[in-house]
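Inside the fold
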Amino acid sequence: MSPKLVESGRHPNIKIISNAEVKSIDGEAGHFRATVLKRPKYVDEDLCNACGSCVEYCPVDMPDYYNENLANLKSLYIPYPQAVPASFVIDPNTCLFVIKNECRQCEQACKELNAINLNQPEELIELEVGSVILTPGFDEFDAKRKKNYGYGEYGNVVTSIEFERILSASGPFKGEITRPTDGAHPKSIAFFQCVGSRDKATNSYCSSVCCTYAIKEAIIAKEHEPELDITIFYMDIRTMGKGFESFYLRAKNDYGIRFVKTRIPEIERSLETENLVLNYVTEDGSHVTEEVDMVVLSVGMEPSKTSNALSKIMGIQLNPSGFCSTHEFSPTSTSREGIFVAGAFQAPKDIPESVMQATGSVSLVSGLLSDSRGTLVETKELEPEKDISEEKPKIGVFVCHCGINIAGVADVTRLKEYSEKLDDVVYVEESLYACSKDSQEKIKQTIIDNGLNRVVLAACTPRTLEPLFQDTIREAGLNRSLFEMANIRDHCTWVHAQEPEKATEKSEDLIRMGVAKARLLSPMKEELIQVNSKALVVGGGLSGMTSALSLAEQGFECWLVEKENELGGNLKTLHYTLNKNNPQKLLEEIKEKLLNHPLVTVYTSAQVDAISGYIGNFETDITAGGQNMHISHGVIIVATGAKEYQPEEYLHGKHDAVMTQKKLGERIAAGTLEPGALNDVVMIQCVGSRTEERPYCSRICCGVAMKNALKIKEVNPKANVYVLYKDIRTYGFTEEYYTQARKEGVIFIRYDDDNLPVVSENIGEENSELQVKVFDPLLGEHILIKPTLLALSAAIIPGENEVISRLMKVPLNSEGFFQEAHVKLRPVDFSTDGIYVCGLAHSPKTIEESISQAHAAAARAAIPLSRGYVRAEPIVSSVDEEKCFGCGICEYLCPYGSIKVVETASGERAQTITASCKGCGICSAKCPRQAISMGRFSDEQILTQIVAFAKG
Amino acid sequence: MVVGGGIAGIQASLDLADLGYLVYLVENLPAIGGTMAQLDKTFPTLDCAM
Ligand SMILES: Cc1cc2nc3c(=O)[nH]c(=O)nc-3n(C[C@H](O)[C@H](O)[C@H](O)COP(=O)(O)OP(=O)(O)OC[C@H]3O[C@@H](n4cnc5c(N)ncnc54)[C@H](O)[C@@H]3O)c2cc1C
Ligand code: SF4
Ligand code: SF4
């Protein structure tokens, strides 16, 4: 997240107003006037460089809220090392001057910069804004409210967020798993799930994230201490996100984490040992007493404490649980026009979902304010680059501690001294976190003050931080290419954590090699490539239609290509949702808008035949209604959806009374199946999901089962509905419907892989009777049901994604869904620029989630379209036409389609497509003539590094 | 105006800014980051949250 923090801090279009709250807002969508109160920090943000010399002068200790009060801070503090804005702040509740006019020690300490201003007043800021996005997030459930667990009284009962800090290397115990009462390393830890969630006494909804984060914390703890005994006590394990189920299986099978299905009523403490005694009843009715060293409470999410006041100020409605009220079909719109919502304030959700929704809300803002796009922003004017062609190398080396990640293992002082001795190195400095904003400023100044003309950073991975540092040196007047990184964290202190001496030695090697290469670096030019401002959306289901419409509403022309002869995809077959909304109405409305939008062209019965080109300049052949066409466009959104698995198990397709949930819904809606005529209904969950062949969870089928079970109960309360399940995964507010289903008498019976239900038919004279046999763990015996209807909750399986994957050269995951660039931080981008993904093509999800993601894809796609150009990094390949003889091996091997053999005056020669080349170097490595050279990684540079290594 | 500087607010601000809008990001605490800045690693990839 650090790169995003830093980028927000330095983006010329973002003004951060921290320590502040909105006091009022009036006006209307497009023209709001907001008043923001900025409380004093007593430190001038612009003057403070976060050097920290003031801290030791502050005599007051207070609890460190960032570390969940497990450590102390001074009243004068920086919230956390990578904080943005990177400046200190004084706590008004404990500072001696603020509360009783005494002390003023810190002012003395900061005499030179004079950043401390104990008389700083509060500020009222008036803002004119066109639109508002509310992202005030959540607060953790206050575990003290569950009195039986003794949180706050029993020292070794901690919350999950406290445990995050305990695990963290930058946390109160420096990453050592420690019991708060005695500092000992616990031998056994129990996690309690659903604390403050799924609980009548506190919150009835499911918090959606705590199962997966508990598994995560348990795995990390096991990695720290493999001998630890960890048990997770749960009601249902809800790992329904993309890739989460296999994470759960890993925890169980590879890490030996124990999972026990029960809810523990209370905790007792042993006064002698401070251990915790747990009494519980297992599923089969046995009573168990167990003692553990520590308990972690997986606390749920509640709306942020500020949200009530905020909702009044904003004039928006909250739902009964206190989260922002939204409609299933417009998940990011609040009840007030022009005010949008995203993240955990809309409903409990994890980071990928929050990021997706945030980007989704942006496309609505952009649709609303498309006329004013680009009118208020300043372009960052950079000083011209310094000409260094006549200078000899003057190299600066910066060695980062990365907190304790590097400094906790390697001897950083020795690295500094070592670097000072290397040829052409004229300046060396250490820094605690080189990526923090204040360090960046310092590095910039250092470059200027010392006339450095090349920079080597010995720190972490260039993958996340290189662009940031390149910007920094550019701001100091150096070309971005005059930069080299030595990854002494990942390659040295992480992998050789147990061997500090060797880790230090290897760091020296890497620094020496980095410096050797830096000597050869020369400035390189970045290319600007024009972007065609049209878009292609592939797939005309809900997601494709939503993103096409969103792009059009933002002012971009787009083509929508649908394989079937009609738009709608899976939405066509849905007739009611769990929340009783009408998907058919949604379909009609969006189709109508789409078909009438002047910027949208829809092709049905159409397919993509070939795609070439790169971000900004794609060329695509399509066949539509039998005709061939060619279109040029700048971006692509893949929204090709998925389909329902057609089961081969449980007599599906062999017996009329066996059908999938989707079929059941359709037949109820069409009136061809009368719920009144049903006596016993069985639903089997996870059919084709969570199996060996398809290990993932299909996410939506538990909700769909509730929907159909409730529908049957509504029409025919006398029907007996049995749901046979592995875990019920009605996450978020859907939990309500699970509760309701139980209340209305739906019977839930859990089965597991060793005891799958058995369906057979008893063929009689007139009709054949279905029989379902299942082991009931509560009764401890098999039961037999003879249902009139058997509904199978069949998996969502990927469609024919291979074709698109091949045409566009975008990857699929092992399950056959498209693989995004980064699960957490880039959930709708592909790693190939200019191509985005949304909806079921990405992974199973609900209508609501598909809409958010479709909006998100549209917002991401709109970024290059609105900018009109893309910048190509100078790391791309270049071909020496003299050496190349046009064999085409490079074209065959390039994973991004970024090098092609073309006819030139001197015959066939390879040519790089600069805009989409990622600089991976495959072509260069394989060229039999060594005709291809990589920007910033030339053969000469690499050989020099190897020689430098050998000289160590 | 984006109200709340957790991961959702930060992402919204960055995308708006990249689309060419001027963004005011209002955060209640002295620094942005929200809960994610407190996490050690994140599921399911176990990447460092920072
Ligand atoms: C223990 C724990 C572990 C977790 N682990 C993971 C994980 O591994 N992976 C994962 O994907 N998710 C995880 N999550 C969930 C994750 O933390 C959330 O999905 C995510 O942080 C939500 O982001 P947000 O921006 O919506 O909210 P927040 O992070 O809560 O940010 C909201 C921000 O808004 C500010 N704010 C609040 N009110 C106002 C106001 N009125 N005015 C101005 N500013 C305001 C707050 O100070 C805060 O900075 C975990 C959650 C917990 C509790
Ligand atoms: S079932 Fe829901 S509330 Fe309970 S721990 Fe799992 S995710 Fe959290
Ligand atoms: S029925 Fe579907 S949503 Fe429920 S657990 Fe199984 S696969 Fe997941």
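Use the structure listed above.
One structure accompanies this document, and this report is about it. This is a predicted model, so every value here is computed, not measured.

Thresholds applied
Residues numbered from 1 in each chain as written. Chains lettered and ligands numbered in written order. Predicted model: local features only at pLDDT ≥ 70, side-chain atom pairs only at ≥ 80, totals over all residues. Heavy atoms only, no water. Near = heavy atom within 4 Å. Helix = DSSP H or I, 4+ residues; strand = E, 2+ residues; numbered from the N terminus. Nonpolar A, V, L, I, M, F, W, Y, C, P; charged D, E, K, R; others polar. Polar contact = N/O pair within 3.5 Å; in protein donor to acceptor, adjacent residues only side chain to side chain. Expected span 1.5 Å × (residues − 1). Buried < 20%, exposed > 50% of the residue type's maximum accessible area, 1.4 Å probe, protein only. Pairing = 2+ DSSP bridges. Salt bridge = Lys/Arg side-chain N within 4 Å of Asp/Glu carboxyl O. Phe/Tyr/Trp six-rings, centres within 6.5 Å; stacked < 30°, edge-to-face > 60°.

1. Details of the site of ligand 3
All names here are of chain A. For ligand 3, the full set of nearby residues is Q685, C686, S689, R690, C697, S698, R699, I700, C701, C702, D727 and R729. Sorting the residues of the shell around ligand 3 by element identifies β35 (680-687) and α17 (701-715) as the ones contributing at least two each. Partitioned by chemical class, the residues of the shell around ligand 3 number five nonpolar, three polar and four charged.

2. Quick word on the site of ligand 1
Not every one of the 38 residues close to ligand 1 is listed here, only the nearest: K216(A), T306(A), K349(A), I351(A) and E27(B). One finds residues of chains A and B in close proximity to ligand 1. Between K216(A) and ligand 1, the recorded distance is 2.7 Å, taken from a side-chain N or O atom to an oxygen atom. S304(A) places a side-chain nitrogen or oxygen 3.5 Å from a nitrogen atom of ligand 1.

3. A word on helix α5 (residues 210-224) of chain A
Here α5(A) spans 21 Å end to end across 15 residues, near enough to the 21 Å set by a 1.5 Å rise per residue. With 13 of 15 residues buried, α5(A) lies mostly within the body of the structure.

4. What about the pairing of strand β17 (residues 287-292) of chain A?
All names here are of chain A. Note that strand β16 (residues 276-281) and β17 share six bridges and pair antiparallel. Within the sheet, the bridge partner assigned to L278 lies in β17 and is E290. Linking two consecutive strands that pair antiparallel, namely β16 and β17, is a turn of five residues; a positive phi of about 95 degrees is found at G285 within it.

5. Here's the deal with the pattern of salt bridges
Within the structure shown, the criterion is met by 59 salt bridges over all chains. Note that D18(B) is salt-bridged to R867(A), the shortest N-O span being 3.7 Å. One end of the pair, D18(B), is in helix α1 (residues 7-18); the other, R867(A), is in helix α20 (residues 847-867), on a second chain. Here the residues in one salt-bridge network are R198(A), D236(A), R238(A), K261(A) and E735(A), joined through shared partners.

6. Side note on the packing of aromatic side chains
Residue and element names in this part refer to chain A. Counted by the stated rule, this structure contains 18 aromatic pairs over all chains. Considering the side-chain rings of Y205 and F733, the 5.6 Å spacing of their centres and the 80 degrees angle between planes classify their relative orientation as edge-to-face. One end of the pair, Y205, is in the loop between β12 (188-195) and α5; the other, F733, is in the loop between β36 (720-725) and α18 (735-743), with 528 residues separating them in the sequence. Taking relative accessible area as the criterion, Y205 reaches 3% and is therefore assigned buried. One aromatic cluster in this structure is built from Y149, F192, F233 and Y280.

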